[in-house]
Amino acid sequence: MAAKVLVVEDEEAISHLLAYNLEKEGFSVRVAGDGDEALVAFDEERPDIVLLDWMLPNVSGIEICRQLRARPATRDLPVIMLTARGEEEDRVRGLDVGADDYVTKPFSMSELVARMRAVLRRSAPTLAGDVATFADIVLDRQQCRVRRGKRDIHLGPTEFRLLDTLMQRPGRVYSREQLLDRVWGQDVYVEIRTVDVHIGRLRKALNRSGERDPIRTVRSSGYALDETYGA
């Protein structure tokens, strides 16, 4: 079941970017453009987590967070504040009114998603997606374990993150550049060829004689997990 996210952000470009990327990550997204709209959205359908901009027209993000914590129905609702205010005093103020985490703009989507899943693991473990499955492969993010059928698969940290990324959207073709951003991060320089090397290691760990290779190489494009490839 997809976790429901309410994005409260008055800058349309940012809200569209968040909605697009979060839906790609498997979340169900609703957007509110200001504080008043957000309060109506809470009454209509309770989200599982809220991304709340600090600076909003009409009702500030701080005031919305304060109201959420005062309501019995939303007292425990996970809230992550999104803001350009990075000073320690501001961060403390946001946490004091009940925010669960604080992300300063500009931020990377990979970091934001990781923080969202960390908060969801504490509040609603079944929505955090700790365990992913694809065919006979099971990946446990909390225990950092992978099994294929009845055997354990021993992966290095990079191969684990590669497999995790591919398992989030089976069938989707990830370019090498996208895998570099998601697995190594946007601030790290890594040769594009490195992706191929680690995919090779992942394949070697996953596949034994007689087992199909679940990783499909798409020429000039990248890699994907495919239910039928190698069958």
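Presented here is a report on the structure given in the accompanying data block. Because the structure is predicted, anything quoted here is derived from the model rather than measured. (Residues numbered from 1 in each chain as written. Predicted model: local features only at pLDDT ≥ 70, side-chain atom pairs only at ≥ 80, totals over all residues. Heavy atoms only, no water.)

**Observations regarding the pattern of salt bridges**
Within the structure shown, the criterion is met by 19 salt bridges. Here glutamate 25 makes a salt bridge to arginine 117, at a shortest N to O gap of 3.7 Å. Taken together, the positions of glutamate 25 in the loop between α1 (12-24) and β2 (28-32) and arginine 117 in helix α5 (residues 109-123) put the pair 92 residues apart, joining distant regions of the chain. In this pair, the class of glutamate 25 matches that of arginine 117, namely buried. Between arginine 216 and aspartate 226 there is a salt bridge; the shortest N-O distance is 2.8 Å. In this pair, arginine 216 sits in strand β11 (residues 215-218) while aspartate 226 sits in the segment after β12 (222-225), placing the two residues 10 residues apart along the sequence. Among the residues examined, aspartate 226 registers a relative accessible area of 16% and is labelled buried. (Salt bridge = Lys/Arg side-chain N within 4 Å of Asp/Glu carboxyl O. Helix = DSSP H or I, 4+ residues; strand = E, 2+ residues; numbered from the N terminus. Buried < 20%, exposed > 50% of the residue type's maximum accessible area, 1.4 Å probe, protein only.)

**Let's talk about the environment of aspartate 140**
Note that aspartate 140 resides in strand β7 (residues 137-140). For aspartate 140 and phenylalanine 160, which are 20 residues apart along the polypeptide, the C-alpha to C-alpha distance reads 10.0 Å. A polar contact of 3.0 Å, which involves the side chain of aspartate 140, links it to the backbone nitrogen of glutamine 143. (Polar contact = N/O pair within 3.5 Å; in protein donor to acceptor, adjacent residues only side chain to side chain.)

**A short note on the environment of leucine 82**
Looking at where leucine 82 falls in the secondary structure, it is placed in strand β4 (residues 79-83). Owing to a relative accessible area of 0%, leucine 82 belongs among the buried residues under this scheme. Excluding anything up to four places from it in sequence, leucine 82 contacts Leu18, Leu51, Leu52, Asp53, Trp54, Val103, Lys105, Phe107 and Leu112. (Contact = heavy atoms within 4.5 Å.)

**Details of the layout of surface pockets**
Counted as a void, the largest pocket has a volume near 810 Å³. Taken together, 28 residues make up the lining of the largest pocket; nearest its centre are Glu25, Met109, Ser110, Val113 and Arg182. Of all the secondary-structure elements, those providing two or more residues to the lining of the largest pocket are α1, α5, α6 (157-168) and α7 (176-184). Broken down by element, the lining of the largest pocket gets its largest block of residues, 6 residues, from α5. Residue classes in the lining of the largest pocket are distributed as 11 nonpolar, 6 polar and 11 charged. (1 Å grid on protein atoms, 1.4 Å probe; cavity = no way out; pocket = protein on both sides within 12 Å on 5 of 7 lines; lining within 4 Å. Points joined across faces, edges and corners; volume = space filled by probe spheres on them. Nonpolar A, V, L, I, M, F, W, Y, C, P; charged D, E, K, R; others polar.)

**Quick look at the packing of aromatic side chains**
In total, this model carries 1 aromatic pair according to the counting rule given. Ring centres 6.2 Å apart and planes at 75 degrees place the aromatic pair tryptophan 54 and tyrosine 102 in the edge-to-face group. Of this pair, tryptophan 54 sits in the loop between β3 (49-53) and α3 (61-70) while tyrosine 102 sits in strand β5 (residues 101-104); the two residues are 48 residues apart in sequence, bridging distant segments of the chain. Exposure class is identical for tryptophan 54 and tyrosine 102. Each is buried. (Phe/Tyr/Trp six-rings, centres within 6.5 Å; stacked < 30°, edge-to-face > 60°.)

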